[in-house]
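Residues per chain, in single letters:
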Amino acid sequence: MDVIQEIKIAASILAADLCRLGEQVAAAEAGGADYIHFDVMDGCFVPNLTIGPLVVEAVRRATSLPIDVHLMIEAPERYVQDFVQAGAGNLTVHVEACAHLHRTIEQIKELGIRAGVTLNPATSLVTLEEILPYVDMVLVMTVNPGFGGQSFIESMCAKVERLRAMGQEQHLAGPNGLAFDIEVDGGINVHTAERVVRAGANVLVAGSAIFRRSGHGSAADAFASAGEIADATRRLRQAALGQKTPAC
Ligand code: DX5
Ligand code: ZN
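So, how was this worked out
- Residues numbered from 1 in each chain as written.
- Chains lettered and ligands numbered in written order.
- Predicted model: local features only at pLDDT ≥ 70, side-chain atom pairs only at ≥ 80, totals over all residues.
- Heavy atoms only, no water.
- Near = heavy atom within 4 Å.
- Polar contact = N/O pair within 3.5 Å; in protein donor to acceptor, adjacent residues only side chain to side chain.
- 1 Å grid on protein atoms, 1.4 Å probe; cavity = no way out; pocket = protein on both sides within 12 Å on 5 of 7 lines; lining within 4 Å.
- Sits in = over half its atoms within 2 Å of the grid points.
- Helix = DSSP H or I, 4+ residues; strand = E, 2+ residues; numbered from the N terminus.
- Buried < 20%, exposed > 50% of the residue type's maximum accessible area, 1.4 Å probe, protein only.
- Arc of directions from axis to C-beta.
- Contact = heavy atoms within 4.5 Å.
- Donors = N, O, S within 2.8 Å, 3.2 Å for Na, K, Ca; no water.
- Tetrahedral: all angles 85-135°; square planar, octahedral: opposite > 155°, others 65-115°.
- Pairing = 2+ DSSP bridges.
- Axes fitted to C-alpha atoms, helices over the stretch in contact; angles between N-to-C directions.
- pLDDT = per-residue confidence, 0-100.

Draft legend 1. Highlighting the site of ligand 1. Among the 20 residues in the neighbourhood of ligand 1, the closest are listed as Ser12, Asp39, Asp185, Gly207 and Ser208. Gly207 is positioned with one of its backbone polar atoms (N or O) 2.8 Å from an oxygen atom of ligand 1. A molecule is said to occupy a pocket when more than half its atoms come within 2 Å of that pocket's grid points, and by this definition ligand 1 occupies the largest pocket. The element contributing the most residues to the shell around ligand 1 is strand S2 (residues 35–41), with three residues.

Draft legend 2. Layout of helix H4 (residues 101–110). Turning to H4, its buried residues are Leu101, Thr104, Ile105 and Ile108. Buried residues in H4, looked at end-on, bunch into an arc of 100°, giving them a common side. Of the exposed residues in H4, those oriented more than 90 degrees away from the buried face are Arg103 and Glu110. Contacts made by the buried residues of H4 are with helix H3 (80–86), strand S4 (88–94) and strand S5 (114–119).

Draft legend 3. The arrangement of the coordination of the zinc ion (ligand 2) in detail. Protein ligation of the zinc ion (ligand 2) involves His37 (NE2), Asp39 (OD), His70 (ND1) and Asp185 (OD), the donor distances falling in the range 2.0 to 2.3 Å. Angles of 69 to 165° at the metal separate the six donor atoms of the zinc ion (ligand 2), which places the site in the octahedral class. Written as a sequence motif, the donor residues of the zinc ion (ligand 2) are H-x1-D-x30-H-x114-D. Note that His37 is positioned in strand S2 and Asp185 in strand S9 (residues 181–185), a separation of 148 residues in sequence. Like Asp185, His37 is buried.

Draft legend 4. Seen up close, the environment of Ala16. As for its position among the elements, Ala16 is in the loop between strand S1 (8–12) and helix H1 (21–30). Between the alpha carbons of Ala16 and Gly227 there is a distance of 14 Å; along the sequence they are 211 residues apart. Apart from residues lying up to four places away in sequence, Ala16 is in contact with Leu21, Gln24, Phe211 and Phe223.

Draft legend 5. Up close: the sheet that holds strand S3 (residues 67–72). Taken in spatial order, the eight strands of this closed barrel run S1-S2-S3-S4-S5-S6-S9-S10, and their pairing is parallel. Between one strand axis and the next, the sheet turns by 25° as a mean value, whatever way the strands run. Across five bridges, the pairing between strand S6 (residues 137–141) and S9 is parallel. What sits directly across from Leu139, in S9, is Glu183.

Draft legend 6. A look at the confidence of the model for the protein chain. Considering every residue of the protein chain, the mean pLDDT works out to 95; 95% of them sit at 70 or more. The secondary-structure element of the protein chain with the lowest mean pLDDT is helix H8 (residues 219–222), recorded at 79, while S3 shows the highest, at 99.

If you want it as structure tokens, here you go:
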């Protein structure tokens, strides 16, 4: 890796207490989160259903942070405009779910926000070869999408390294390194954060590691308090930067 891009933390509200969403988002912001990450699932592309533009709009009013929307839906072009109007700052679509990827990426950028592509763990980087010069961000899934709380897939570190090399081979340079961000999503915590950064990722999505307490049985107990959310966000950044963190 030639230049270390600024590390950004994206707090995924999939793991948050949705009854207290505004408060939980504010806590992540207080802990230094850079993005609020939204997981939009349609029960078709992934076997789960979550939230839509209405919730993005509500959170938009509760935070000044940019909203990073991860669309896990078939034919995502149908909803691009709705999410932009709701206040998304980044929009990523899965290459596996998008028949006309170039058109969809252009559609997102024409609406004035950042456009990204997402790859499932088993999807080859070859699928990015033609689209890479057009995107602002590549999201490398480090679990199979659909659920929070899954284990990090170790082999995705090598994929991130190969993606960074691919950007360099295509001469896609930006002011701080590559012209596109490399985001990772799934199983990111204080143990995996440093490894993905070393591999070349610079945007780290984390849900459970920020919004859940570890080792708690019942669902109600499992949600972290505002103070714990802020602390966990800080610890994650320190871990990503390779700094020692107190045991948690
Ligand atoms: C999974 C989602 C993730 C999820 C990550 O499909 O894309 O954003 O929230 O959850 P954790 O951090 O718990 O693995
Ligand atoms: Zn996500």
